[in-house]
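One-letter residues, chain by chain:
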Amino acid sequence: MMKPIQYILSVTAATALILLSAAPAYSTQGHGAPEGLYVHQFSHLFFIFAMGILIYWLRSRSLVRESGWRYLQYACVFFLLWSLDAFCVHLLDEYMQWIHVIRIDPWRVQIDAPTGWQWLKWFYYIIKLDHLLCVPGMVFLFLGLRRLSCQPENEDNQPAQGGGP
Amino acid sequence: MIVSAIPIRLVDMAGSALMILFSLLCVQQALRLRRKDPKNLVWTYLLWLCFCLAGFAVSRSGGHILKQFMTMAGLEPVWGAMGPVAGGINTFLLIIVAAVTLFFNRVRHVYQQINKDKQALQSAHNELLALNQSLEKRVRERTDALVEHEKQMAHADRLASIGQLSSGIAHEINNPLGIIQGYTQLLLRGEPEGGQRREDLQIILKHAKSCKAIVEDLLNFARRSQPEMADINIHEVIEDALVFIRHRSKMENVRIEKNFGQDLPAVRMDEKKIKQVLVNLVMNAGHAVSQSGTITISTQYDPRQRQLVVGVADDGYGIEKRHLSRIFDPFFTTKPTGEGTGLGLAVSYGIVKSHGGEIVVESRPGQGAVFRVILPVAGKAIAKGAYHG
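None of these values were measured; they are calculated from a predicted model.

## Thoughts on the overall build of chain A
In terms of helices and strands, chain A carries five helices and two strands. Each helix and strand of chain A, ordered N terminal to C terminal, gives the series α-α-α-β-β-α-α. Here chain A, with 165 residues, has 28% of them falling under the buried criterion. Intrachain contacts of chain A at a sequence separation of at least 6 include 65% that bridge at least 24 residues.

## Brief notes about the environment of Gln307(B)
All names here are of chain B. Relative to the helices and strands, Gln-307 resides in strand S6 (residues 307-314). Classification of Gln-307 by C-beta neighbours within 10 Å gives partly exposed; the count is 16. Along the sequence, Gln-307 and Val-373 sit 66 residues apart, while their C-alpha atoms lie 9.9 Å from each other. If sequence neighbours within four positions are ignored, Gln-307 has contacts with Asp-302, Ile-374, Leu-375, Pro-376 and Val-377.

## Describing the interface of chain B and chain A
Every contact between the two is made by 45 residues of chain B and, on the other side, 39 residues of chain A. At 18 residues, helix H1 (residues 6-36) of chain B tops the list of elements feeding residues into the side of chain B that touches chain A. A class-by-class count of the residues in the side of chain B that touches chain A yields 26 nonpolar, 14 polar and five charged.

## So, the packing of helix H7 (residues 271-288) of chain B against helix H9 (residues 344-354) of chain B
Residue and element names in this part refer to chain B. Where H7 meets H9, the axes come as close as 9 Å, and the angle between the chain directions of the two elements is 145°. At the point where H7 passes H9, the crossing takes the left-handed sense. In this structure, H7 contributes Lys-273, Gln-276, Val-277, Asn-280, Leu-281 and Asn-284 to the contact, and H9 contributes Gly-344, Leu-345, Val-347, Ser-348, Ile-351 and Val-352. A class-by-class count of the residues in the contact of H7 with H9 yields six nonpolar, five polar and one charged.

## Quick look at the sheet that holds strand S2 (residues 108-112) of chain A
Pairing is antiparallel in the open sheet, where three strands are placed in the order S1(A)-S2(A)-S1(B). Strand pairing shows two members of the sheet lacking a second neighbour, strand S1 (100-105) of chain A together with strand S1 (2-4) of chain B, which therefore form its edges. For this sheet the average axis-to-axis angle between neighbouring strands, irrespective of direction, equals 35°. Across five bridges, the pairing between S1(A) and S2(A) is antiparallel. Each residue of the ladder has a partner; that of Val101(A), found in S2(A), is Ile111(A).

## A few points about the nonpolar core
Counting residues in hydrophobic clusters, the biggest one holds 54 residues, and the most contacted among them are Met138(A), Cys26(B), Leu46(B), Cys50(B) and Leu53(B). Every element with two or more residues in this core is listed here: helix H2 (34-60), helix H3 (67-95) and helix H5 (131-150) of chain A together with H1, helix H2 (41-72), helix H3 (76-101) and helix H4 (104-190) of chain B. Per-element accounting of this core gives the leading share, twelve residues, to H2(B). Ignoring sequence-local partners within four residues, the contact set of Leu46(B) consists of Leu145(A), Ala30(B) and Leu33(B). Val237(B), Met269(B), Ile319(B) and Ile327(B) belong to the second largest nonpolar core, which has 41 residues in total.

## Some details on unusual backbone geometry
Even without glycine at this site, Ser62(A) takes up a positive phi of about 60°. Counting through the fold element by element, Ser62(A) comes out in the loop between H2 and H3. Judged by C-beta crowding, with 13 C-beta atoms within 10 Å, Ser62(A) ranks as partly exposed. Positive phi, normally seen in glycine, also occurs at Asp263(B), with a value near 50°. When you line up the elements, Asp263(B) lands in the loop between strand S3 (254-259) and strand S4 (267-269).

## Overview of the confidence of the model for chain B
All names here are of chain B. In this model, chain B carries an average pLDDT of 85, and 94% of its residues clear a pLDDT of 70 or more. For chain B, the element scoring lowest by mean pLDDT is helix H10 (residues 379-384), at 43; H1 scores highest, at 94. Across residues 380-389, confidence stays below pLDDT 50; counting only partners more than four residues off in sequence or on other chains, it has 26 contacts. Across the predicted assembly, pTM comes out at 0.56 and ipTM at 0.77.

Calculation rules
- Residues numbered from 1 in each chain as written.
- Chains lettered and ligands numbered in written order.
- Predicted model: local features only at pLDDT ≥ 70, side-chain atom pairs only at ≥ 80, totals over all residues.
- Helix = DSSP H or I, 4+ residues; strand = E, 2+ residues; numbered from the N terminus.
- Buried ≥ 20, exposed ≤ 12 C-beta atoms within 10 Å, placed from the backbone.
- Contact = placed C-beta atoms within 7 Å.
- Nonpolar A, V, L, I, M, F, W, Y, C, P; charged D, E, K, R; others polar.
- Axes fitted to C-alpha atoms, helices over the stretch in contact; angles between N-to-C directions.
- Left-handed = near helix turned anticlockwise from the far one by under 90°.
- Pairing = 2+ DSSP bridges.
- Core = buried A, V, L, I, M, F, W, Y, C linked by C-beta atoms within 7 Å.
- pLDDT = per-residue confidence, 0-100.

Structure follows, in structure tokens:
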């Protein structure tokens, strides 16, 4: 019968032997620079999904009948559009590399696109102004929260309202 | 295509500044919401969402502003080194915001469930409280009823004992009294008119008759004499009793009001004895109102209990509480000596009991008294003698 100390020593020795005798497995792989772009684009898609589903919940639970929650819904719509906009910008200039922007001086830029895709240059120029979407989203979020905090006793406190999970 | 960079820069700079400003204002509003109701899980959720959004807005917009300044200052290589770090933080925070957003429905559902459970708990608590109070009230009522019942039992026992004793004595006295009365009448026959002996014998006869009446009352109280039962209309008995009272007593200034019920059934009773009860009660009431007041006689039928209730109410000086328990005792009277034997109510009690009924009294000193004679109604009598009063 083996004593406990002998048992522990045997197991430790066996483990050390296995670990020291192992060949390189290359288990940690490198992914290269584009990984960051992929992750960033996925984060935008995930954000679009999250905003979409929040809009669905707010509407299906009839919360949008209250002005506070309705403003929150508008905020979600603007954030969703902003995320889509940002996704398109990254897609055009970083992933597809259809658009090239060259800085001529501090106040002018040159936008190049494949021949015959003049509209794409203007489209890119417009969607580059993404703050026109995310700022209204944030303003609506602020207005929604302010409305909710001004209400005497919010209906959301009532468990009977709306559906289940 | 060469275009102006000013709109892009302007929108980027101003938009970034506004994003930071409004994201911080959102946090402030969310904090206000949470302070308003700290137990509201949805508000806590919104606060965390706002924190994450503010983190993202500050990181992204701060980066954008920095980038604009650096490019304008010709420090593009520096931004080239910082850009990936800022972008990584932005990506990380954007994922967190999206992930937190997805918890909305679950948080709201949990909060609703908590509220529902809280309400159910509160409702159960209130129900238990109400039940407890109701139980205490019922126990108190039952205890009071029990005490009252015990008093009534003790009173009935006392009256039964007195009745037994009285009937024994009355029965023993009744025979000698009959003999005295008989022999006095025999002696009177032989005595001439106007003689002293005749006057003496008449006095003996008069007092023997008084004694006989008292003995008769005692026997009535003790329920020894058998009632002669017949289906009688109570209203006719009341009217007879009132005619008798008007002829025999001084109650000219007493107003007698009748409040008779409709569709009263006939009751099986000894007419003479019930009439005697009514006479006793009305005479007592007349005495209570001091010969000027109102006596109300009412009748009512309770079909559920199958009982007929005859009430005699007066607006006289009432009965003191200490007398209420003794009022049906034989020889108990509050009248001055010589004005009453104290047998009227005792006899009435005995008569009503011999009919299987009850006689109850309610009184408050100074506010009059109400005597209620409750007589049972037999099913056969209802069908036979229904009376429209």
